[in-house]
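Summary of structural features
Single-letter residue listing:
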Amino acid sequence: MGKTLAEKIWAEHIVRQAEGEPDLLYIDLHLIHEVTSPQAFDGLRLANRRVRRADLTIATEDHNVPTLDILKPIADPVSKLQVDTLRANCKEFGIRLHSLGDIEQGVVHVVGPQLGITQPGMTIVCGDSHTSTHGAFGAIAFGIGTSEVEHVLATQTLPSSRPKTMAINVEGTLKPGVTSKDIILAIIAKIGTGGGQGYIIEYRGSAIRALSMESRMTVCNMSIEAGARAGLIAPDETTFEYIKGKPHAPENWDEAVAYWKSLYTDSDAVFDVEVDLNADELEPFVTWGTNPGQGLPLNAKVPNPADYADTTERTAAERALEYMGLTAGTPLKEIVIDTVFLGSCTNGRIEDLRSAAEIVKGKKIASTLRMLVVPGSARVRLEAEAEGLDKVFIDAGAEWRNAGCSMCLGMNPDQLAVGERSASTSNRNFEGRQGKGGRTHLVSPLVAAATALRGTLSSPADL
Amino acid sequence: MEKFIKHTGTGVPLRRSNVDTDQIIPAVYLKRVTRSGFEDGLFAAWRNDPDFVLNKQEFKDGTVLVAGADFGTGSSREHAVWALQNYGFKVVISSRFADIFRGNSLKGGLLTVILPQSDVEAMWEAIEANPTTSITVDLDTRTVSYNELSHSFTIDDYTRWRLMEGLDDIGLTLKQTDSIDTFEGKRPSHKPATLPIR
Ligand code: SF4
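Remember, it's a predicted structure, so these values are computed and weren't measured experimentally.

**Considerations on the sheet that holds strand S12 (residues 273-278) of chain A**
All names here are of chain A. With parallel pairing, the four strands of this open sheet are ordered in space as S11-S10-S9-S12. Where the open sheet ends on each side, the last strands, each with one partner, are strand S11 (230-232) and S12. For this sheet the average axis-to-axis angle between neighbouring strands, irrespective of direction, equals 20°.

See below:
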């Protein structure tokens with residue numbers, strides 16, 4: 001019997017296998033940021049351990065850095081402490097760090113791909129659950145906790161039990177105005193926030209193949225929101241083309257490509273589970289609740305909790321509507337938005353900024369809301385500025401910021417106020433995620449842009 | 001890491017499902033650079049509510065958290081485990097845990113026990129009826145017992161052994177340094193490196 005892509009990559013990275021124990025997996029790339037690493041470095045120091053492979057490790061500042069006045073000392077003392085600690089740790093242990101002001105600074109999952117350091121067939125970890133983003137290149141990439149960060153620093157390996165495999169087949173063609181964000185929101189609504197639990201998902205099918213690398217990253221990014229350990233997409237010409245010319249593209253290119261071409265699921269391989277989704281039928285999707293599985297097509301209405309047969313789901317829906325301040329039966333398109341956030345490792349790449357800019361170009365955002373545009377990395381920001389996108393957003397009345405996670409998780413000053421409602425291109429709509437009491441609707445960049453213009457949740461077709 | 005063989009304590013009934021790590025420890029508390037002191041952030045948003053279970057006198061000393069399904073979803077932050085441990089919890093019981101949270105907890109010495117939802121509900125009732133109900137979680141026999149009742153749970157042999165020995169992961173792996181050296185010797189040369197900077 002053949003192997004799935006995930007099984008192939010997994011097998012290639014086993015350092016040691018023993019009955020009844022998790023596999024000891026070799027890690028090709030370890031990404032680090034200021035929030036989940038300080039205690040790991042602390043642990044190393046306490047145990048008198050060193051970093052085994054600084055040359056397979058890279059750090060950036062992203063989670064709580066300010067997006068305004070980035071070259072002034074960070075005002076928030078705790079954020080400053082974390083960033084300073086990261087800088088000191090990287091210096092002490094000889095780790096490459098991209099700090100504020102550096103062109104490669106930005107959200108860790110934007111930085112790896114833009115450097116060309118994220119490549120097919122790799123194992124990639126980071127103390128951040130959206131590490132699954134890198135799976136778009138045909139890599140096994142997953143989030144780890146701080147003690148695992150310490151483990152990888154010390155040994156460049158990680159004991160891990162092999163997840164089961166799930167195929168999600170998305171066949172067909174997306175309608176105009178429908179994006180990969182809508183694909184993944186629809187998948188999560190379909191299989192639930194626990195649906196992928198214990199699995200590595202492989203996204204397959206013609207609709208996936210047709211996506212650009214950036215759109216593929218959006219899909220893989222939110223695998224974790226379906227509960228999956230990781231999500232990946234087999235590499236193809238689109239992948240190779242994207243890596244080509246990037247700073248860390250392999251020097252022995254032909255050898256690398258020959259290997260990358262072996263990375264696919266064999267035709268006779270069997271997945272533990274398969275799920276099908278028809279791309280032709282997809283509409284722009286938005287979330288109405290407080291977990292990413294609580295989403296519906298934009299044309300729908302806020303659901304009525306009483307319609308849920310399952311009691312757990314019903315209670316969750318009731319609680320979500322209460323928190324979100326929504327009434328069952330309200331058309332989603334009538335929901336008034338206070339803040340539009342365009343950014344994050346889900347949708348903060350150049351393609352996302354371009355597609356949103358195209359919609360707001362020459363228009364003004366609604367006077368009732370603010371729009372924050374936060375490029376995923378400093379490089380994305382500079383690229384956008386070179387294309388004049390910053391002007392497009394600023395002329396429309398939006399705020400153009402520096403790179404970072406920003407309002408995706410509200411650890412820096414970019415937060416929602418209590419009761420404030422956002423349309424956000426990020427990946428999590430949990431209670432308080434974007435600021436205490438803040439209410440989040442997850443959307444695609446196109447919906448974000450259209451919403452900014454109309455003031456209520458909208459798609460470009462409504463303009 | 002402290003050895004975990006058997007723990008006896010009282011329970012805290014957390015009648016909520018889908019408790020994500022942003023609720024267990026909100027992101028604003030993650031800015032610390034130490035490994036301790038996270039107890040003040042545990043369920044911070046909910047603790048503003050005087051009726052929240054942890055604010056009730058009778059549950060103040062609980063060490064066994066009995067939670068609804070899908071506990072620990074969301075962000076991979078391990079601070080969630082530390083917050084629970086710093087607060088004094090030794091065990092969390094639920095019918096379903098998010099993978100990363102469960103991984104983090106078992107590595108950090110916080111025992112997460114999976115019981116069927118019906119057993120969880122029975123425990124909620126028992127604890128609410130009598131908050132001093134003594135609960136014993138025995139890793140040796142893989143059982144949770146209270147009020148004459150005993151439920152067995154499953155946990156893989158390896159994890160159980162490690163918890164019972166109080167063994168730290170890194171130490172275990174460093175015993176395999178030879179295998180790691182051998183593996184590295186065979187890695188293809190086209191694999192990327194972060195240094196030197198290009
Ligand atoms: S942008 Fe958001 S989801 Fe992505 S790494 Fe930053 S905080 Fe996490």
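Anyway, onward from the coordinates.
**Some points on the UniProt feature "domain: Aconitase A/isopropylmalate dehydratase small subunit swivel" (unreviewed entry) in chain B**
The sites that carry the UniProt feature "domain: Aconitase A/isopropylmalate dehydratase small subunit swivel" (unreviewed entry) are, in the present numbering, residues 1-117 of chain B. Overall, residues 1-117 of chain B shows 24% helix and 18% strand. The separation of its end C-alpha atoms is 30 Å.

**A short note on the site of the ligand**
Around the ligand, the neighbouring residues are His63, Val107, His109, Asp128, His130, Ser344, Cys345, Cys405, Cys408, Leu409, Asn427 and Arg433 of chain A. Of the residues contributing to the shell around the ligand, the split by class is five nonpolar, five polar and two charged.

**So, helix H16 (residues 445-454) of chain A**
Residues and elements named next belong to chain A. For H16, a buried count of nine out of 10 residues is recorded, marking the element as mostly surrounded by other parts of the structure. Taken together, the buried positions of H16 are Pro445, Leu446, Val447, Ala448, Ala449, Ala450, Thr451, Ala452 and Leu453. Elements in contact with the buried residues of H16: strand S13 (285-287), strand S15 (339-342), helix H12 (344-347), helix H13 (350-360), strand S16 (370-373) and strand S18 (421-424). Just beyond H16, the residue with positive phi is glycine 455, at close to 90°.

**Observations regarding the interface of chain B and chain A**
Between chain B and chain A, the residue contacts involve 56 residues of the former and 78 residues of the latter. Both faces considered, chain B and chain A share a buried interface measuring about 5,500 Å² in area, 54% of it formed by carbon and sulfur atoms. The largest share of the area that chain B buries against chain A comes from Lys31, His190 and Arg198 of chain B, three residues that together contribute 15% of it. Counting across the interface, chain B meets chain A through seven salt bridges. At the junction of chain B with chain A, the criterion picks out 25 residue pairs in polar contact (both at pLDDT 80 or more). Mapped onto the side of chain B that touches chain A, the elements with two or more residues apiece are helix H1 (21-24), helix H3 (79-87), helix H4 (99-108), helix H7 (169-174) and helix H8 (177-185) of chain B. When residues in the side of chain B that touches chain A are grouped by element, the largest group, six residues, is from H8 of chain B.

**Section: the packing of helix H2 (residues 38-47) of chain A against helix H5 (residues 146-155) of chain A**
Describing two packed helices takes the angle between their axes plus the distance from one axis to the other. Residues and elements named next belong to chain A. Relative to each other, H2 and H5 sit at 50°, their axes nearing to 8 Å. With respect to each other, H2 and H5 are oriented oblique. Viewed along their axes, H2 and H5 form a crossing whose handedness is right-handed. Taken together, the residues of H5 that come into contact with H2 (itself represented by Gln39, Ala40, Phe41, Gly43 and Leu44) are Thr146, Val149, Glu150, Leu153 and Ala154.

**Considerations on the sheet that holds strand S1 (residues 14-16) of chain A**
Residues and elements named next belong to chain A. Read from one edge of the open sheet, three strands run S1-S2-S8, paired in antiparallel fashion. Each edge of the open sheet is held by one strand with a lone partner, namely S1 and strand S8 (157-160). Neighbour-to-neighbour, the strand axes of this sheet turn through a mean angle of 40°, independent of strand direction. The pairing of strand S2 (residues 23-26) with S8 spans four bridges and is antiparallel. Across the sheet, leucine 25 pairs through a bridge with leucine 158, a residue of S8. Contacts from helix H1 (residues 5-12) reach S1, S2 and S8 within the one sheet, and its direction differs from that of S1 by about 40°.

**With respect to the pattern of salt bridges**
Throughout the structure, instances matching the rule amount to 37 salt bridges over all chains. Arginine 160 of chain B is the partner of aspartate 140 of chain B in a salt bridge, and the nearest nitrogen-oxygen pair spans 3.4 Å. Here aspartate 140 of chain B, found in the loop between strand S5 (134-138) and strand S6 (143-146), pairs with arginine 160 of chain B, found in helix H6 (residues 157-165); they are 20 residues apart in sequence, far enough to count as distant. Judged by relative accessible area, which is 18%, arginine 160 of chain B ranks as buried. Each of Arg52, Arg53 and Asp55 of chain A together with Asp181 and Glu184 of chain B takes part in a single network of salt bridges with overlapping partners.

**Topic: the environment of threonine 193 of chain A**
If you trace the backbone, threonine 193 of chain A turns up in the loop between helix H6 (180-191) and strand S10 (199-204). You can call threonine 193 of chain A buried: its relative accessible area is 18%. Considering only alpha carbons, one finds threonine 193 of chain A and glycine 293 of chain A, 100 residues apart in sequence, at a separation of 5.4 Å. In contact with threonine 193 of chain A, not counting residues within four places along its chain, are Ile188, Glu225, Ala226, Gly227, Asn291, Pro292 and Gly293 of chain A together with Asn18 of chain B.

Cut-off values and rules
Residue positions are counted from 1 within each chain, in the order its sequence is given. The order in which chains are written sets their letters, starting at A; the order in which ligands are written sets their numbers, starting at 1. The predicted nature of this model means local features are confined to residues of pLDDT at least 70 and side-chain atom pairs, given and counted, to a pLDDT of 80 or more, with totals for whole chains, interfaces and linings taken over all residues. Just so you know, side-chain values use all the structure's heavy atoms and leave hydrogens and water out. Should DSSP find at least two bridges between two strands, the strands are regarded as paired. In this text, helices come from DSSP runs of H or I with a minimum length of four residues, and strands from runs of E with a minimum of two, each type numbered from the N-terminal end. Angles run from 0 to 180 degrees between N-to-C directions of axes, and those axes are lines fitted to C-alpha atoms, restricted for helices to the stretch in contact. UniProt positions are given in the numbering used here, feature names are shortened, and annotations may be inferred rather than shown by experiment. Throughout, near means a residue has at least one heavy atom within 4 Å of the molecule or strand. The nonpolar class holds Ala, Val, Leu, Ile, Met, Phe, Trp, Tyr, Cys and Pro. Asp, Glu, Lys and Arg form the charged class, and all remaining residues, Gly among them, are polar. Using a 1.4 Å probe on the protein chains alone, a residue whose accessible area is under 20% of its type maximum counts as buried, one over 50% counts as exposed, and one in between counts as partly exposed. Any two residues whose heavy atoms approach within 4.5 Å at even a single point are treated as in contact. Throughout, buried area stands for the accessible area (probe radius 1.4 Å) lost by two parts on being put together, summed over both. Each reported salt bridge corresponds to a side-chain nitrogen of Lys or Arg within 4 Å of a carboxyl oxygen of Asp or Glu. Any N or O atom pair separated by 3.5 Å or less is treated as a polar contact, with the protein-specific requirement of one donor-capable and one acceptor-capable atom, and with residues adjacent in sequence counted only for side-chain atom pairs. Roughly parallel means an angle under 35 degrees; roughly antiparallel means over 145; roughly perpendicular covers 65 to 115; every other angle is labelled oblique. For any pair of crossing helices, the crossing counts as left-handed if the nearer helix is rotated counterclockwise from the farther one by less than a right angle, and right-handed if it is rotated clockwise.

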